[in-house]
Amino acid sequence: MGFKFQGFDFLRLDPQFTEDERLVRRTTRDFVEDNLIPIIEECFRTERFPRELVPMMGELGFFGANLEGYGCAGMSNVEYGLVMQELERGDSGVRSFVSVQSALVMYPIYTFGSDEQKNSWLPALATGEKLGCFGLTEPGFGSNPGGMTTTARRSGDGYTLNGEKMWITSGNIADVAVIWAKVENEDNHVRGFLVETDRPGLRADEVHGKWSLRASVTSGLSLQDVHVPAANLLPGSGGLKSPLMCLNQARYGISWGALGAAMDCYNTALEYSKTRKQFHNAPIAMHQLIQEKLVWMASEIAKGQLLSLHVGRLKDAGTVGHEHISMAKRNNVWMALECARLARDILGANGITEDYPIMRHMMNLESVKTYEGTHDIHALILGQHLTGIAAF
Ligand code: TGC
Ligand code: FAD
């Protein structure tokens, strides 16, 4: 069932987007409408990542979209954001997959990698022929990745890695893992390593039974004496700042993605409220309480659009701060989750079924609120920026 997506432009923002930006949005929207929407409920129900869509997403330039060269599309950050918005209108799990491939795998290779690493990995990651994952979080260190216990020790012609990574998106389908580890004989400095997933000693265990992001693969990674050549160290990486720079790219995309999920919830609730009749044989949209909920959603989505667009323009101008990205991620994900809850309410009992996308968005957004820095961690990042005092 569900209702056809109408787009959302209460503030008449469209003229603020360039023709290229509108084209990227249209192309991604068509891809989602034609290829993702028809299968997403089945994927979510059966805990299946729709891998068959990967080659098409590669052809459309979704992977590493805002990077230049190496077969990447060279999109602006606003265009990249609009891709994320449209993908997450389809499903947060598919947007997560693209975020990880782009912001957390291709970006660090592009930014910290050697020419050899860039040439050998980026073109294949851009087409989707190769897939990647990003291992920062550990079982005991989520919000505080600086405490990580995964180690790399220089040995022979390379490094030997040991440790456990947890909650790793795409872990079981990746060809390469970007692993963050403390180098034991280099003052425990955090560095990034490219670890091919068929190396002896690396094991990926898929997490099953998630009630969120069920169309996305999530894994635990175990590294036991995994040896990589010295050429697998990302030479430009150094310190916790390096993985945090990757997180900025992903968090920025998430701020747009959450808008897409919120728009889908709003659109569904609006259309439903105009057709569902209760009391006086009249649509429930005539009731003030229903209208107030719709107005809240429309107002918050419109404000969220302004926020992401402005942060995107700052990013394109090279003047964005990570605090701006924290505000956009925190606000828009919270807002989207509230929209999902209000929309579910408006749909009554129908809202809990897979006939409508609401409950799937709501469950997905619970993860989105937690990953890439929880809602509260972003409050503390912003608090630190405002006061100069770290309260972590
Ligand atoms: P702290 O001492 O504050 O910072 C260490 C160094 O990093 C610098 N820095 C940043 N640089 C770039 N971007 C940022 N956002 C940065 N934040 C801090 C900082 O200036 C410092 O530089 P330097 O030169 O002085 O060394 O570090 P801390 O250990 O106190 O931690 C800070 C905190 C809590 C903000 C950070 O650890 C954090 O963000 N925690 C949240 C962890 C997180 O977000 N994990 C995400 C894992 S990946 C994931 O979830 C993927 S989900 C799938 C998908 O994306 O779709
Ligand atoms: P914790 O850090 O244990 O936090 C638990 C609670 O305590 C939260 O409410 C938090 O806000 C609060 N809290 C923690 N510290 C403080 C404090 N100082 N003050 C106040 N409150 C605090 N990680 C990766 O590296 N790669 C991935 O690809 C990846 N994909 C993921 C996919 C999914 C589906 C999920 C759910 C997670 C993924 N993650 C990934 C991990 C994610 O980044 C972490 O879950 C997140 O950083 C939070 O860590 P945690 O779950 O250990 O929670």
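S.K.: What is the right way to look at a nonpolar patch on the surface in this model?
M.R.: A cluster of nonpolar side chains, contributed by Phe10, Leu11 and Leu306, occupies part of the molecular surface with about 300 Å² of accessible area. Within the secondary structure, Phe10 is located in the segment before α1 (19-46).

S.K.: Just checking my understanding: could you explain the site of ligand 2 for this structure?
M.R.: Taken together, the neighbourhood of ligand 2 is formed by 18 residues, with Thr137, Ser143, Trp167, Thr169 and Thr374 sitting nearest. For ligand 2, a nitrogen atom lies 2.8 Å from a polar atom in the side chain of Thr169. For the shell around ligand 2, the secondary structure elements donating two or more residues are β3 (158-169), α9 (358-370) and α10 (375-387). Tallied by class, residues from the shell around ligand 2 come to nine nonpolar, seven polar and two charged. Two domains each donate at least three residues to the shell around ligand 2, and these are domain 2 (132-232) and domain 3 (241-387).

S.K.: Please clarify how the domain arrangement of the protein should be interpreted in this entry.
M.R.: Interface extent is often summarised as the accessible area lost during association of the parts. Under the domain assignment, the protein is made up of domain 1 (14-127), domain 2 (132-232) and domain 3 (241-387). Computed from C-alpha coordinates alone, the two centres of domain 1 and domain 3 are separated by 20 Å. Among the residues domain 1 hides against domain 3, the three largest losses belong to Glu41, Asn77 and Gln85. Together they make up 21% of the total. Taken together, domain 1 and domain 3 are joined by four salt bridges. The closest approach of N and O atoms between Arg313 and Glu21, which form a salt bridge, is 2.8 Å. If you list the elements that add at least two residues to the side of domain 1 that touches domain 3, you get α1, α3 (77-90) and α4 (92-112). Considered class by class, the residues forming the side of domain 1 that touches domain 3 number 12 nonpolar, 11 polar and seven charged.

S.K.: Explanation requested: the nonpolar core in the structure shown.
M.R.: Met57, Phe97, Trp180, Trp256, Met297 and Ile301 are the most contacted members of the largest nonpolar core, which totals 95 residues. Considering every element that reaches this core, the biggest residue donor is helix α6 (residues 241-275), with 15 residues. Apart from residues no more than four positions distant in its own chain, Trp256 is found in contact with Phe17, Val78, Gly81, Leu82, Met84, Gln85, Ser308 and Leu309.

S.K.: Mind showing me how you'd approach the side chain of Glu86 here?
M.R.: Considering the arrangement of structural elements, one finds Glu86 in helix α3. When neighbours within four sequence positions are excluded, Glu86 is seen to be in contact with Phe5, Arg25, Thr28, Arg29 and Val32.

S.K.: What should I look at first to understand the site of ligand 1 in this one?
M.R.: Neighbouring ligand 1 are 26 residues; Ser143, Asn248, Arg251, Glu372 and Gly373 lie closest to it. At a separation of 3.3 Å, an oxygen atom of ligand 1 approaches a polar side-chain atom of Tyr371. Taken by itself ligand 1 offers 1100 Å² of open surface, and the protein chains cover 72% of this. With eight residues, α6 is the largest single contributor of residues to the shell around ligand 1. Classifying every residue of the shell around ligand 1 by side-chain character gives 13 nonpolar, nine polar and four charged.

What counts and what doesn't
Along each chain, numbering runs from 1 in the same order as the chain's sequence is written. Chains carry letters from A onward and ligands carry numbers from 1 onward, assigned in written order. In keeping with the predicted nature of the model, local features appear solely for residues at pLDDT of at least 70, side-chain atom pairs appear and are counted solely at 80 or more, and the whole-chain, interface and lining totals rest on all residues. Side-chain calculation: all heavy atoms of the structure are included, whereas hydrogens and water are not. Excluding any residue in a salt bridge, patches collect residues exceeding 30% relative accessible area, merging like charges within 9 Å and nonpolar Val, Leu, Ile, Met, Phe, Trp and Tyr side chains within 5 Å. The method behind every accessible area is Shrake-Rupley, applied with a 1.4 Å probe, and residues are considered shielded solely by the protein chains displayed. For salt bridges, the criterion is a side-chain nitrogen of Lys or Arg within 4 Å of an Asp or Glu carboxyl oxygen. Note on conventions: DSSP H or I runs of at least 4 residues are helices, E runs of at least 2 residues are strands, and numbering of each starts at the N terminus. Any residue with a heavy atom lying within 4 Å of a molecule or strand is counted as near it. Any pair of N or O atoms that falls within 3.5 Å is considered a polar contact. Within protein, one atom must be able to donate a hydrogen and the other to accept it, and sequence-neighbouring residues count only if both atoms are side-chain atoms. Each residue is assigned to one of three groups, with Ala, Val, Leu, Ile, Met, Phe, Trp, Tyr, Cys and Pro labelled nonpolar, Asp, Glu, Lys and Arg labelled charged, and all others, Gly among them, labelled polar. For each domain, the first and last residues come from an automatic or database assignment. Simply put, the buried area is the total loss of 1.4 Å probe accessible area from both parts when two parts are fitted together. Nine residue types can take part in a nonpolar core, namely buried Ala, Val, Leu, Ile, Met, Phe, Trp, Tyr and Cys, and a core is a set of them joined through side-chain atoms within 4.5 Å. Exposure categories follow from relative accessible area, calculated using a 1.4 Å probe and restricted to protein chains: below 20% of the type maximum is buried, above 50% is exposed, and the middle band is partly exposed. The contact rule is simple, with two residues in contact once any of their heavy atoms fall within 4.5 Å.

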